[in-house]
Amino acid sequence: MRGLARIRTLTALRRLDPARRAIVIGFLHDAKLLAPLSRGFLLKPEDFAGINLQGATLYRLDLKEINLSLANLRGAILMELNLQSAILVQCDMSHANLRFSQLDNAFLANANLTRASMLRVNLSGATMTDVDASGAFMFAANLGGAKLSGAILKDTDLTQANLAGADLYGANLSGAKLIETNLTKADLSSADLTSANLANADLAEANLAGAKVTPEQLAHVRSLRGATLQDGSLHD
């Protein structure tokens, strides 16, 4: 019976528009019918891969470990969600509002986050290789230990963000706002920091080997103590 109910629910979801899909997901969440919220779940995390929720609203839901790979969440309101360890490969979240959401340890490889609003979002330990977050608003976001190699963060606002220990190898940070940003022990080797604002950024023990950054930019940082500079030399 549960298998039949699951099939019927999935069929109904596919027939609904994005706004009504979001309402049904909220109902299933509140009824504890989404895995892993309850053993008596109706839908599994993988059932949402490729779903179209463009412009829909999901608020304060526990969707940890959900699989939203290839999903269309463009312009969606996704505030205060628990998306811990979620799979969001190639998910389109451009122009989405993800403020205050929890995405720690999520897998977002090749996701589209252009112009997304991500105020104080938690992305610590997340895998974000080759993600495009150009123009995103990530004020005070927590990206400590995140894997951002090859990421496009052009013109992204990372003011007061935590990027301590983050892997930013080869990332495009041109024009980014890194004002008062914590970049201690971050790997910025081969990163493009052209025209990035590094005012009061903390780059202590960061790796800047081969990075595109000028002495004028570095003159405004808070600390370069123990950092590896572009030429491979160690800063005092």
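Residues numbered from 1 in each chain as written. Predicted model: local features only at pLDDT ≥ 70, side-chain atom pairs only at ≥ 80, totals over all residues. Heavy atoms only, no water.

Concerning the overall build of the protein
- For the protein, the count of helices and strands is 3 helices and 0 strands.
- Out of the 236 residues in the protein, the part that is buried amounts to 49%.
- In the protein, the share of contacts with a sequence separation of at least 24, taken over all contacts with a separation of at least 6, comes to 8%. (Helix = DSSP H or I, 4+ residues; strand = E, 2+ residues; numbered from the N terminus. Buried < 20%, exposed > 50% of the residue type's maximum accessible area, 1.4 Å probe, protein only. Contact = heavy atoms within 4.5 Å.)

Brief notes about the packing of aromatic side chains
- Counted by the stated rule, this structure contains 1 aromatic pair.
- Aromatic pair Phe137 and Phe139: ring centres 6.2 Å apart, planes at 10 degrees, arrangement stacked.
- Residue class for Phe137 comes out partly exposed when judged on its relative accessible area of 29%. (Phe/Tyr/Trp six-rings, centres within 6.5 Å; stacked < 30°, edge-to-face > 60°.)

Some details on unusual backbone geometry
- Located in the positive-phi region is Arg120, a residue other than glycine, with phi close to 55 degrees.
- Not every positive phi belongs to a glycine, and Glu180 is a case in point at roughly 60 degrees.
- As for its position among the elements, Glu180 is in the loop between α2 (18-30) and α3 (215-218).

Examining the side chain of Gln217
- By the secondary structure assignment, Gln217 is in helix α3.
- Judged by relative accessible area, which is 13%, Gln217 ranks as buried.
- Those residues in contact with Gln217, other than ones at most four positions away along the chain, are Leu193, Thr194, Ser195, Ala196 and Leu198.

With respect to the environment of Thr114
- Within the element layout of this structure, Thr114 appears in the loop between α2 and α3.
- Residue classification places Thr114 among the buried residues on the basis of a relative accessible area of 15%.
- When sequence neighbours within four positions are dropped, the list of residues in contact with Thr114 reads Ser94, His95, Asp132, Ala133 and Ser134.

Quick look at the confidence of the model for the protein
- Averaged over every residue, the pLDDT of the protein is 90; residues scoring 70 or more account for 87%.
- The least confident element of the protein, judged by mean pLDDT, is helix α1 (residues 2-15) at 62; the most confident is α3 at 97.
- Low pLDDT (under 50) marks residues 37-42, which in the prediction has 17 contacts with non-local residues, meaning those over four places away or in another chain. (pLDDT = per-residue confidence, 0-100.)

Things to note about the nonpolar core
- Met93, Leu108, Leu113, Leu123, Leu143, Leu148 and Leu168 are the most contacted members of the largest nonpolar core, which totals 70 residues.
- Residue contacts for Leu108: discarding those within four places in its chain leaves Leu88, Met93, Leu103, Leu113, Leu123, Ala126, Thr127, Met128 and Val131. (Core = buried A, V, L, I, M, F, W, Y, C linked by side-chain atoms within 4.5 Å.)

Here's the deal with the pattern of salt bridges
- Evaluated as defined, the whole model comprises 2 salt bridges.
- The partner of Glu80 in a salt bridge is Arg60, and the shortest N-O contact between them spans 2.8 Å. Note that Glu80 is positioned in the loop between α2 and α3 and Arg60 in the loop between α2 and α3, a separation of 20 residues in sequence.
- With its nearest N and O atoms 3.9 Å apart, the salt bridge here joins Arg225 to Glu205. Note that Arg225 is positioned in the segment after α3 and Glu205 in the loop between α2 and α3, a separation of 20 residues in sequence. (Salt bridge = Lys/Arg side-chain N within 4 Å of Asp/Glu carboxyl O.)

Examining the environment of Leu63
- For Leu63, the position within the fold is in the loop between α2 and α3.
- Measuring from C-alpha to C-alpha, the distance between Leu63 and Leu83 comes to 5.3 Å, with 20 residues separating the pair along the chain.

Observations regarding the environment of Ala19
- When you line up the elements, Ala19 lands in helix α2.
- Along the backbone, Ala19 and Ala56 are 37 residues apart, and their C-alpha atoms lie at a distance of 4.7 Å.

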